[in-house]
Amino acid sequence: MNTYRDIFQTVWGIALFTMGVGVFFRVPYVMERIAGFEHFTSVSAYIRICFYIMGILLIGGGVKKLYGLWYSEKRVDNAGKE
């Protein structure tokens, strides 16, 4: 039962990481479309910064989850050997 949870958490961590990377590649295209609206031209720099912060948070969350899973498995393996 614990194995399914670990698999799901690993997939979730990878998904968070890849979506964060995807945000960085997608921002320039989205900003071109947003710049087309007159209403958003004055705050386009703020919107761009927010998108990049969102990407950083997604990448950080994915790395943290994957590192936590790897570290907890490693710690459990080492505890079992002692």
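Residues numbered from 1 in each chain as written. Predicted model: local features only at pLDDT ≥ 70, side-chain atom pairs only at ≥ 80, totals over all residues. Heavy atoms only, no water.

1. Describing the overall build of the protein chain
Working step 1: A tally of regular secondary structure across the protein chain gives two helices and zero strands.
Working step 2: When each of the 82 residues of the protein chain is scored for burial, the buried share is 15%.
Working step 3: For the protein chain, the proportion of contacts with a sequence separation of at least 24, taken over those separated by at least 6, is 76%.
Working step 4: Summed over its atoms, the accessible surface of the protein chain is roughly 6,700 Å², and 68% of this surface lies on carbon and sulfur atoms. (Helix = DSSP H or I, 4+ residues; strand = E, 2+ residues; numbered from the N terminus. Buried < 20%, exposed > 50% of the residue type's maximum accessible area, 1.4 Å probe, protein only. Contact = heavy atoms within 4.5 Å. Areas by Shrake-Rupley, 256 points an atom, 1.4 Å probe, with all protein chains shown as cover.)

2. Some words on the packing of aromatic side chains
Working step 1: Throughout the structure, instances matching the rule amount to five aromatic pairs.
Working step 2: Three or more aromatic residues joined by ring pairs form one cluster here, namely Tyr67, Trp70 and Tyr71. (Phe/Tyr/Trp six-rings, centres within 6.5 Å; stacked < 30°, edge-to-face > 60°.)

3. Looking at the nonpolar core
Working step 1: Judged by nonpolar contacts, Val23, Val27, Met31, Ile34 and Ile47 together constitute the single largest core of five residues.
Working step 2: The element contributing the most residues to this core is helix H1 (residues 2–35), with four residues.
Working step 3: Setting aside residues up to four positions removed in sequence, Ile34 forms contacts with Phe40, Ile47 and Phe51. (Core = buried A, V, L, I, M, F, W, Y, C linked by side-chain atoms within 4.5 Å.)

4. A short note on the side chain of Gln9
Working step 1: As for its position among the elements, Gln9 is in helix H1.
Working step 2: You can call Gln9 buried: its relative accessible area is 16%.
Working step 3: Contact partners of Gln9, with chain neighbours within four places excluded, come to Lys65 and Leu69.

5. Brief notes about H1
Working step 1: Relative to the 50 Å expected for 34 residues at 1.5 Å per residue, H1 spans 48 Å between its end C-alpha atoms, a close match to the ideal helical length.
Working step 2: Of all the bends in H1, the largest measures some 45° and sits at Arg26, one to four residues before the proline Pro28.
Working step 3: Along H1, the residues that are buried comprise Gln9, Gly13, Leu16, Gly20, Val23, Val27, Met31 and Ile34. (Expected span 1.5 Å × (residues − 1). Bend = angle between axes of the 7 residues up to and from the residue.)

6. Quick notes on the pattern of salt bridges
Working step 1: A full pass over the atoms with the stated rule returns one salt bridge.
Working step 2: Its salt-bridge partner being Arg5, residue Asp6 comes within 4.0 Å of it at the nearest N-O pair. (Salt bridge = Lys/Arg side-chain N within 4 Å of Asp/Glu carboxyl O.)

From the geometry alone we can't say anything about function, so treat these as descriptive.
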